[in-house]
Amino acid sequence: MSLRDHSDEPDFDQRTESSDDASEYEESEDASEEESEDDDEDVDDRDAVADAEETRAEAAIEGDFDRLVQGIRQGAAASGAALLGKDWDFDLAEKEAEFRDDLRAASGVGRTKGSRKRGRRAGPVLSQQVKALIGEGNQAYVDNDLPETIRIMQEVIRIEPRAPAAWSVLAQCYADRGEPQRALQLRIMGAHLLHDADEWERLARQSLEMGHSKEALYCFGKVTSLDPANVNALWDRATLAKSIGELRTASRSHTCAPNLLARNALLTLLKRLPHNLTVLDELRPLLIELAELPLCATLFAAAFAHYHAAFPSGAGRDPFDPAPAADVPGGGFGPLHLLVLADLHNTLGAHEQAVAVIRSGYRWLQGRAAQRWWDACEDDREYDVDGREGRPRAEGEVQPGMYPLDVNARHRLAIARIKMGDVEEGKRHAGAILAQDVAEYAPLFAEIADAYYEREMYADAGHIYEILGADAGTSSLYVILQAAACRRMVGDLKEAAEMYEHVIAADQAHNEAKFKLAEIYEILNEPRKALDLVLQIIDARKRRPRAGAADEPPPEPGSSSLFEERARAKGKAPAARPANRLTPAQLRALEAQKERETAQGWRRVRELWARAQAGEPEAEREWLVEAEKLVEAFRETRNLFLASRHLGFRGMFPRTARKLSAEQSEESMASRLQLELGIITRTKVKSEGAKGERLNAFRTITFDDWLRLFMQYAFLLTKRDQYDMAQEILRHITFSNAYQTRSAQDTIRIALMACAIHARKFGTVVEQSRKLVNAHQFNNEPLRILLASLGSGLQATDAFLASTLSKHLLRELKVADAAVKNKDALRWNPTLRRYGPGGASSKADDADDALEEDADVPKDDSVLTADKSSGAGAFLPTKDNPINVALYGQLCLASRSYQSALFYLLHAYDYCPHDPMICLCLAIASFGRAMQRQADNRHHLVAQGTAFLSQYRKLRGADAAGMDEVEYNFGRAFQQLGLYTLAVRHYERVLEMAEIRLQTDEQAYGLAREAAYNLSQVYVITGATPLAQELYRRWLSI
């Protein structure tokens, strides 16, 4: 079990803490005397801590010995072996706390420089009687009288159990009699008195040779408690505990205690040998089994950072290899470890970190660590596949690197990109993987399909599932069921039914497939087939035998180990009801009390609100305290946040007290189908339907009042610079089953936008606006809300230019155009409750919106029963809409894509030629395009811009109040063109209008300050500095 016994593993004993300290803190020859004295003091301090820790460990071992002796004395009539087998049957979970205490300071305690190892203890001072008896026993042993020696030494142990010689001689006697197991037990007893780590290690080896794993585990624990620097013992203890856990896994027994013990031992070893890959590889499966994925990711990320810094070239000799033959990739941290780290990040949802690990890690392994400019690219063009369809390239962008990337690494990138919402980039990687042989890379195909399925991209997922299902070597029931689910979600109900029928033909007992097929038959208006399947499921459930108690394995014959080597069987007796569990009557009484407290708090909140609005600080603080109690009481109520949100709130104690199970679903479907077929009366169903009545109040407060309270509380928190708490509360209540109606969802989202505007979190504004656009398709009001919410400023402009918003608006634009020109190309999506492009790309185009709307779209049964193919009753536009086209043109204009802006704005001008805003935007786009190098006819563009600007003045000039706006825009246009004389004329007109208005209203500046600033710039450029200074004093001074 020692690490030195394996030639393919590093010799950890050669890398002790003292050598690490010497290499890490090496003193120079010319060090001063003061530094030497400080080092001596540090060594003395470490020695003192080590001595104290060793003394504590010895006291714990002697406490174990006292426990055993007490048990022997209490059972005088029993034999020693029987008592040992009884009293020393420790449970690993109980000893784990002791092991953690023993190794708590192991990373800072050990064989430091100048420390010395303690030898054997001499034991207590013996009386003359005991000494005489020991002498007689030794003489009897010399005379080969083993029975007499055993009798005398047992008498010595009875008088003075702490006499080490008695245990040693007694063990030797049993060894001479051919009883090595009994001798080993006695030596373990005697070892408690000597406190010799080497002796405990020898006993652990002997226990392993006899097959006593738990006994060896206990002995290794004593070694590590006495000598925390013994890394070989730590390794042996960890691997032994891990092997015990694997054996128990094979026998379906409890594995937590051995794996937890192995985990702690390996973590302690990792402190001794930081970033050791052998230890990390052993630790990884344990942490995964114990569900400690964040810790595992942290350890591998730290190792990656360490090796990346230690081997910047991407290759080197493994520092833990005692005889490295040549350089290895990453100094040992190779592609497999990068894949492990990426998988951990993906599992934890840190997809951006997974992408960063793969990109920077493989760049490092390829010796390109210095090429850090690739990190500035948001996409993965660095690893584009040569020969495949290229990505769109803009002028000045970094060209694709075409560097090689392993298929498995590209698979991790694809999964991360798809799950993080960057679907287009994920599809590029997925395409490269799907081009491989499906038989060789079937698991990668399945994981990509699962990622698409999670994003509700059912068309893409179904295509991959069908590829897997077409090959007998890669097909499975899971694959076929997933393919059928995808077919159903895209509306191909008949094809989905055929797949479910194929599964049922292969497995007649597959009730899940039968139930799914029954649901499809019900949608296809074939109730008899659906009812037949449901009755088959119910009949199979009734005939299914109940699981009885498992047969326990026969007891093993008496073992000679100090521990029970076979794990105890878990009892099947029903667990007793917890003493602290409340009865239904107590729960109702508690709910009544909470209802009274809530009503009282609500009355107090209403009383304080008027005073808080009046500006009384004390009233506002008290209102916040009382409101917080109500808000938290609402958020902590589980019945308001159920998984089946579409069912609404049915009260704290609904009539259907049992949790909705699969059996109830089956019976509910059977009743519904029988009703449709006329088998049962409608009166029965009406009485049953009353049970699901929805309530519109919670604890005497209506949900409208609750929502008003949430909004007022969130607004006050935002005003007090606690925006994070405010948005958390508002986001949380969007998941409440009390607020799943469309009006409630819109109200909450607008409240979220209001808080975000105040806190200048415009990313949230764009996010919620997109959800409003999705919820109200073909409606212009959400677009107007978006523009009004962003207002002006750099942060708002950055949010407006986000790539997600531009892609979203372009998709909406395409759908709106198709709705007018080619209605047959659209298809009603019953899941998202909106129209989308038909065909295989319908779900791919809505991939970004599908994830957002999964939890946001109210589940209205009336909508679900509508015609799913045509979307009966849904609104479709009948003429072109200039607003969405103009909005996308303005987005292109803000991003300086003037050519694209002209294209969309000209379309908007065709739809609505009398809108002054469209004309102004067209003028700006024309002038902007004329200023670019790519312009092929600048004069034409300038003339076109001037024409649209004149049209804008004609349309806007009818409003006298807006003339300063017209004059300012003309001045700004001429300033951009370099016609300063004309620009000055228009700016001066703006100032003259402002002078007239200020005579009646002191605050009616209008655009005077903006015009004064631009005019001063013109004066400075042309050398008229005195005129500019005069403008500063008149208009731009506070």
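Residues numbered from 1 in each chain as written. Predicted model: local features only at pLDDT ≥ 70, side-chain atom pairs only at ≥ 80, totals over all residues. Heavy atoms only, no water.

Draft legend 1. Spatial organisation of the overall build of the protein. Helix and strand counts for the protein stand at 46 helices and six strands. Restricting the contact set of the protein to residue pairs at least 6 apart, pairs at least 24 apart contribute 61%. A total of about 53900 Å² of accessible surface is found on the protein, and carbon and sulfur atoms cover 51% of it. (Helix = DSSP H or I, 4+ residues; strand = E, 2+ residues; numbered from the N terminus. Contact = heavy atoms within 4.5 Å. Areas by Shrake-Rupley, 256 points an atom, 1.4 Å probe, with all protein chains shown as cover.)

Draft legend 2. Structural view of a nonpolar patch on the surface. A surface patch of nonpolar side chains, amounting to about 350 Å² of accessible area, comprises Tyr 1013, Val 1020, Tyr 1032 and Leu 1036. Checked against the element boundaries, Leu 1036 lands in the segment after helix H46 (1025-1035). (Patch = residues over 30% accessible without salt bridge, like charges linked within 9 Å, V, L, I, M, F, W, Y side chains within 5 Å. Salt bridge = Lys/Arg side-chain N within 4 Å of Asp/Glu carboxyl O.)

Draft legend 3. Main features of the nonpolar core. With 100 residues, the main nonpolar core has Trp 623, Phe 634, Phe 703, Trp 706, Tyr 739 and Leu 790 as its most contacted residues. Considering each element in turn, this core owes the most residues, ten residues, to helix H29 (residues 703-719). Excluding residues within four positions of it along the chain, Phe 703 makes contact with Phe 634, Leu 640, Phe 649, Leu 695, Asn 696, Ala 697, Phe 698, Ala 738 and Tyr 739. Counting residues in each nonpolar core, the second largest holds 48 residues, with Leu 269, Leu 277, Leu 283 and Leu 405 among its members. (Core = buried A, V, L, I, M, F, W, Y, C linked by side-chain atoms within 4.5 Å. Buried < 20%, exposed > 50% of the residue type's maximum accessible area, 1.4 Å probe, protein only.)

Draft legend 4. Structural context of the environment of Thr 831. Tracing the backbone shows Thr 831 in the loop between strand E5 (826-829) and strand E6 (834-837). For the pair formed by Thr 831 and Met 489, sequence separation is 342 residues and the distance between their alpha carbons is 7.9 Å.

Draft legend 5. Geometry of the packing of helix H43 (residues 963-977) against helix H44 (residues 980-998). Taken N-terminus to C-terminus, the directions of H43 and H44 make an angle of 155°; their axes are 7 Å apart at the nearest point. With respect to H44, the axis of H43 lies roughly antiparallel. Of the two elements, H43 crosses H44, and the hand of that crossing is left-handed. Residues Met 963, Asp 964, Glu 967, Tyr 968, Phe 970, Gly 971, Arg 972, Phe 974 and Gln 975 of H43 pack against Tyr 980, Leu 982, Ala 983, His 986, Tyr 987, Arg 989, Val 990, Met 993 and Arg 997 of H44. (Axes fitted to C-alpha atoms, helices over the stretch in contact; angles between N-to-C directions. Parallel < 35°, antiparallel > 145°, perpendicular 65-115°, else oblique. Left-handed = near helix turned anticlockwise from the far one by under 90°.)

Draft legend 6. Representation of helix H14 (residues 293-310) in the model. Between its first and last C-alpha, H14 extends 26 Å over 18 residues, near the 26 Å set by a 1.5 Å rise per residue. Of all the residues in H14, the buried ones are Leu 293, Cys 296, Ala 297, Leu 299, Phe 300, Ala 303, Phe 304 and Tyr 307. Looking down the long axis of H14, one finds its buried residues gathered within 160° of arc, a one-sided arrangement. (Expected span 1.5 Å × (residues − 1). Arc of directions from axis to C-beta.)

Draft legend 7. The confidence of the model for the protein, seen in detail. Confidence in the prediction of the protein, expressed as mean pLDDT, is 75, and 72% of residues score 70 or more. Ignoring residues within four places in sequence, the model shows residues 547-558, a span with pLDDT below 50, making six contacts including any to other chains. Low pLDDT, under 50, characterises residues 853-873; the stretch is placed with 38 contacts to residues that sit more than four places away or in other chains. (pLDDT = per-residue confidence, 0-100.)

Draft legend 8. Region of interest: the packing of helix H6 (residues 146-159) against helix H7 (residues 164-176). In the contact formed by H6 and H7, the axes pass within 9 Å of each other and the chain directions differ by 150°. One way to sum up the angle between H6 and H7 is to call them roughly antiparallel. For the crossing formed where H6 meets H7, the hand is left-handed. On H7, the residues that touch Leu 146, Thr 149, Ile 150, Met 153, Gln 154, Val 156 and Ile 157 of H6 are Ala 166, Trp 167, Val 169, Leu 170, Cys 173, Tyr 174 and Asp 176. Its residues assigned to classes, the contact of H6 with H7 shows eleven nonpolar, two polar and one charged. (Nonpolar A, V, L, I, M, F, W, Y, C, P; charged D, E, K, R; others polar.)

Draft legend 9. Highlighting the packing of aromatic side chains. For the coordinates displayed, the defined rule picks out 21 aromatic pairs. Summarising the aromatic geometry, the rings of Tyr 453 and Tyr 458 are spaced 5.3 Å apart at their centres and angled 75° between planes, so their arrangement reads as edge-to-face. The exposure class of Tyr 453 is partly exposed, given its relative accessible area of 26%. Their ring planes at 50° and their centres at 6.0 Å tell us that Tyr 968 and Tyr 987 sit as a pair that is tilted. Placement of the pair is Tyr 968 in helix H43 and Tyr 987 in helix H44, with a sequence separation of 19 residues. Site record: aromatic cluster; members linked through ring pairs are Phe 634, Phe 641, Phe 698, Phe 703, Trp 706, Phe 710 and Tyr 739. If you follow Arg 182 out to its NZ or CZ, it ends over the ring of Tyr 174, 5.3 Å from the centre. Sitting over the face of the ring of Trp 1035, Arg 1034 holds its NZ or CZ atom 4.2 Å from the ring centroid. (Phe/Tyr/Trp six-rings, centres within 6.5 Å; stacked < 30°, edge-to-face > 60°. Lys NZ or Arg CZ within 6 Å of the ring centre and 35° of its normal.)

Draft legend 10. How the structure looks around the environment of Arg 372. Along the chain, the position of Arg 372 falls in the loop between helix H16 (351-365) and helix H17 (407-419). C-alpha separation for the pair Arg 372 and Ser 360, spaced twelve residues apart in sequence, amounts to 8.4 Å.

Draft legend 11. Summary view of helix H15 (residues 335-347). With 13 residues, H15 should reach 18 Å at 1.5 Å per residue; the first-to-last C-alpha distance of 18 Å fits that figure. Considered for burial, the residues of H15 that qualify are His 337, Leu 338, Leu 339, Val 340, Leu 341, Ala 342, Leu 344, His 345 and Asn 346. Residues of H15 that are buried make contact with helix H13 (277-289), H14, H16 and H17. After H15 finishes, the residue Gly 349 shows a positive phi value of roughly 85°.

Draft legend 12. View of the pattern of salt bridges. Per the counting criterion, the structure on display carries 33 salt bridges. The partner of Asp 492 in a salt bridge is Arg 487, and the shortest N-O contact between them spans 3.1 Å. Note on Arg 487: relative accessible area 24%, which makes it partly exposed. In the salt-bridge network here, residues are joined through shared partners; they are Arg 359, Asp 380, Arg 417 and Asp 422.

Draft legend 13. Here's a closer look at the pairing of E6. Where E5 lies against E6, four bridges are found, and the strand directions are antiparallel. Along E6, the bridge assignment pairs Asn 829 with Arg 834. Between the end of E5 and the start of E6, which pair antiparallel, lie four residues, with Arg 833 showing a positive phi angle near 60°. (Pairing = 2+ DSSP bridges.)

Draft legend 14. A look at the state of the cysteines. For the structure on display, the rule yields zero disulfides. Left without a disulfide partner, Cys 921 is nearest to the cysteine sulfur of Cys 919, which lies 9.3 Å away. (Disulfide = S-S within 2.5 Å.)

Draft legend 15. Layout of unusual backbone geometry. Look at Arg 699: it is not a glycine, yet its phi comes out positive at around 55°. Checked against the element boundaries, Arg 699 lands in the loop between strand E3 (697-698) and strand E4 (701-702). Of note, Asp 721 is a non-glycine position whose phi angle comes to about 65°, a positive value. Summarising the element assignment, Asp 721 is placed in the loop between H29 and helix H30 (723-733). The exposure class assigned to Asp 721 is exposed, which follows from its relative accessible area of 71%.

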